[in-house]
Every structure is written in C-alpha cells, then in structure tokens.
Amino acid sequence: MLQFCIHYGLHFGLPLLIALLFFKTYWVKAYVIMLLAFVIDLDHLLANPIFEANRCSINFHPLHSYYAIAVYILMLFFNRTRLLGLGLVAHIIADSVDCFLMQI
C-alpha cells in the first residue's frame, strides 16, 4: 500500500510541484500538459499480461526504454517540447522509484 501511495503520489505530485515552482503564472496549463505524459503508459497494452504487480516498467516497455528516456531528456532542451518532456521525465522518475521499491 505504501509503494502504491508513493508511486501515484509521485506521478501526480511531482508534476504539480514542478508546475507550481517553475511555471507560476500558468501552473494549471503546465500541470495538465505534464499529466499528458501518462500517454506513455499505453505501451503497457503491448505486454502479456498487461499488468504484472512485480514488473519494472523501465526498459521493459518500448516507451519506457533507455532510448525513449534519452529522447525525453532531449525534449527538455527545446521550448516547444519542454513541458511534455518534463512530464515524461517525471513519469520515468516515478516509475524508477517504483522499481527501486520493488527491490527492497
């Protein structure tokens, strides 16, 4: 239960914290755009089974691969893609923490 709360707390809380700290004048828009990063979880539909409780998403699903993560980091350097890139990197951080919690 604690892992679940930490995982989803990061998924929703980290983008909110970023939006409030760095995009004060349009934090709602920034937050919504960063939440759109959840679209990368559609790659879970390609797995069999779709959900497995003890499976780490990082480098298992295509949109969670190291190559994809490199693209997400590159997105941070361009104004047009920065917010979505922040959301994607925050999503990957949340999933990475989840993977770490599975190990302990």
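Residues numbered from 1 in each chain as written. Predicted model: local features only at pLDDT ≥ 70, side-chain atom pairs only at ≥ 80, totals over all residues. Heavy atoms only, no water.

## Here's the deal with the pattern of salt bridges
Going through the model one piece at a time under the given rule, you end up with one salt bridge. Among the ionic pairs, Arg55 bridges to Glu52, the shortest N-O distance being 3.9 Å. (Salt bridge = Lys/Arg side-chain N within 4 Å of Asp/Glu carboxyl O.)

## Observations regarding empty space enclosed by the protein
Here the structure, examined in full by the defined rule, presents one cavity of 30 Å³ or more. Size it by volume and the largest cavity reaches roughly 40 Å³. In terms of lining residues, the largest cavity is bounded by His11, Pro15, Met34, Leu35, Ala37, Phe38, Gly87 and His91. Only helix H1 (2-22), helix H2 (27-35) and helix H4 (82-103) provide two or more residues apiece to the lining of the largest cavity. Of the residues belonging to the lining of the largest cavity, the class tally is five nonpolar, three polar and no charged. (1 Å grid on protein atoms, 1.4 Å probe; cavity = no way out; pocket = protein on both sides within 12 Å on 5 of 7 lines; lining within 4 Å. Points joined across faces, edges and corners; volume = space filled by probe spheres on them. Helix = DSSP H or I, 4+ residues; strand = E, 2+ residues; numbered from the N terminus. Nonpolar A, V, L, I, M, F, W, Y, C, P; charged D, E, K, R; others polar.)

Everything listed here is a matter of coordinates, which is why it stays silent on function.
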